[in-house]
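One letter stands for each residue in the lines below.
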Amino acid sequence: MTESSFQADVLDGLGDHDLNEIASLLGTDTGGAREAVAETADAMSSHLRQKAVAGDDDAEEVREAIAGVAEPPLQGVATLGGGLAGGLMASLLTKMSRPVAQAVSKKTGIPAANVDRIIRVLIPVVMAVFAKRAAANKGAAPGAAPSSGAAPGTGSGGLGELLEQILGGGKQ
């Protein structure tokens with residue numbers, strides 16, 4: 001069996017209620033909603049890759065967010081901070097929502113405001129997919145999860161490798 005695509009994992013993580021909500025928002029059936037979700041998930045992963053290779057503060061922001069999602073959640077009293085690592089990824093995905101919505105709107109004709117609402121529904125699902133894939137790949141490539149002091153995109157276990165593990169290879 002082949003590794004499932006990022007888009008398929010996002011669709012699988014989306015509940016029937018959320019899929020029906022998206023279909024209603026778009027005035028379509030669940031098949032149309034699935035197509036819109038797949039297109040939006042693809043655009044989110046593409047935009048994340050673009051930010052990662054920017055080589056500036058954007059790449060560092062992606063590194064920190066991905067590393068936070070790749071680490072197991074804190075336990076006990078340490079969790080009182082509200083899940084800073086998950087918050088970094090949620091913040092990054094929220095920041096990306098406007099350019100992603102514009103790109104999906106341009107490609108599909110769906111109004112950008114509707115795509116933005118789809119993204120808001122998808123953010124927790126995308127975060128769960130990232131966490132699941134990061135956990136599954138944790139032992140697959142030594143050093144895959146970057147240490148906080150690692151330089152962006154350097155050597156084996158760099159940001160590019162980590163993104164490949166979590167998002168899969170290129171456009172799926």
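About the thresholds
Residues numbered from 1 in each chain as written. Predicted model: local features only at pLDDT ≥ 70, side-chain atom pairs only at ≥ 80, totals over all residues. Heavy atoms only, no water. Helix = DSSP H or I, 4+ residues; strand = E, 2+ residues; numbered from the N terminus. Buried < 20%, exposed > 50% of the residue type's maximum accessible area, 1.4 Å probe, protein only. Contact = heavy atoms within 4.5 Å. Areas by Shrake-Rupley, 256 points an atom, 1.4 Å probe, with all protein chains shown as cover. Salt bridge = Lys/Arg side-chain N within 4 Å of Asp/Glu carboxyl O. Phe/Tyr/Trp six-rings, centres within 6.5 Å; stacked < 30°, edge-to-face > 60°. Core = buried A, V, L, I, M, F, W, Y, C linked by side-chain atoms within 4.5 Å. pLDDT = per-residue confidence, 0-100. Axes fitted to C-alpha atoms, helices over the stretch in contact; angles between N-to-C directions. Parallel < 35°, antiparallel > 145°, perpendicular 65-115°, else oblique. Left-handed = near helix turned anticlockwise from the far one by under 90°.

Visitor: So, the overall build of the protein chain: which residues are in play, and what are the values?
Guide: Within the protein chain, the secondary structure is distributed over seven helices and zero strands. Listed by position from the N terminus, the elements making up the protein chain come as α-α-α-α-α-α-α. For the protein chain, with 172 residues in total, the buried portion stands at 41%. Pairs at least 24 apart in sequence give 73% of the contacts found in the protein chain among residues at least 6 apart. When the accessible surface of the protein chain is split by element, carbon and sulfur atoms take 55% of a total near 8800 Å².

Visitor: Outline the pattern of salt bridges, listing residues and values.
Guide: This model, assessed by the stated rule, comprises five salt bridges. Across the pair Glu-39 and Lys-107 runs a salt bridge, and its minimum N-O distance is 3.1 Å. Here Glu-39, found in helix α3 (residues 30-52), pairs with Lys-107, found in helix α5 (residues 84-108); they are 68 residues apart in sequence, far enough to count as distant. By relative accessible area, Lys-107 is classed as exposed at 51%. Between Asp-116 and Arg-120 there is a salt bridge, with its nearest N and O atoms 3.4 Å apart.

Visitor: So what's going on with the packing of aromatic side chains? Which residues, and what values?
Guide: Tallied over the full model, the rule gives one aromatic pair. Ring geometry for Phe-6 and Phe-130: centres 5.6 Å apart, planes at 20°, overall stacked. Taken together, the residues Phe-6 in helix α1 (residues 6-13) and Phe-130 in helix α6 (residues 112-137) connect sequence positions 124 residues apart. In terms of burial, Phe-6 and Phe-130 fall into one category: buried.

Visitor: An account of the nonpolar core is needed here, citing residue identities and associated values.
Guide: Most often, soluble globular proteins keep nonpolar side chains buried together rather than apart. Core analysis: the biggest nonpolar cluster contains 38 residues, and Val-10, Leu-14, Val-37, Met-44, Met-89, Leu-122 and Val-126 have the highest contact counts within it. Take this core: its biggest share by element is 11 residues, from α6. With residues up to four places along the chain from it excluded, the contact list for Leu-14 reads Leu-19, Ile-22, Val-37, Val-121, Leu-122 and Val-125.

Visitor: Can you explain the confidence of the model for the protein chain? Please cite residues and give values.
Guide: The predicted model of the protein chain has a mean per-residue pLDDT of 76, with 67% of residues at 70 or higher. Ranking the elements of the protein chain by mean pLDDT puts helix α7 (residues 159-167) last with 62 and helix α2 (residues 16-26) first with 94. Taken as a whole, residues 141-156 scores under 50 in pLDDT and shows 23 contacts with residues more than four places along the chain or in a different chain.

Visitor: Any chance you could break down the packing of α1 against α6 for me, citing the residues and the numbers?
Guide: Put simply, α1 and α6 touch, their axes get as near as 9 Å, and they point 120° apart. Classified by the angle between their axes, α1 and α6 sit oblique to one another. The crossing of α1 and α6 is right-handed. Judged by residue contacts, Phe-6, Asp-9, Val-10 and Gly-13 of α1 engage Leu-122, Val-125, Val-126, Val-129, Phe-130 and Arg-133 from α6.

Visitor: Mind laying out the environment of Gln-102, listing which residues take part and the relevant values?
Guide: Within the secondary structure, Gln-102 sits in helix α5. The spatial distance from the C-alpha of Gln-102 to the C-alpha of Asp-116 is 8.6 Å, given a sequence separation of 14 residues.

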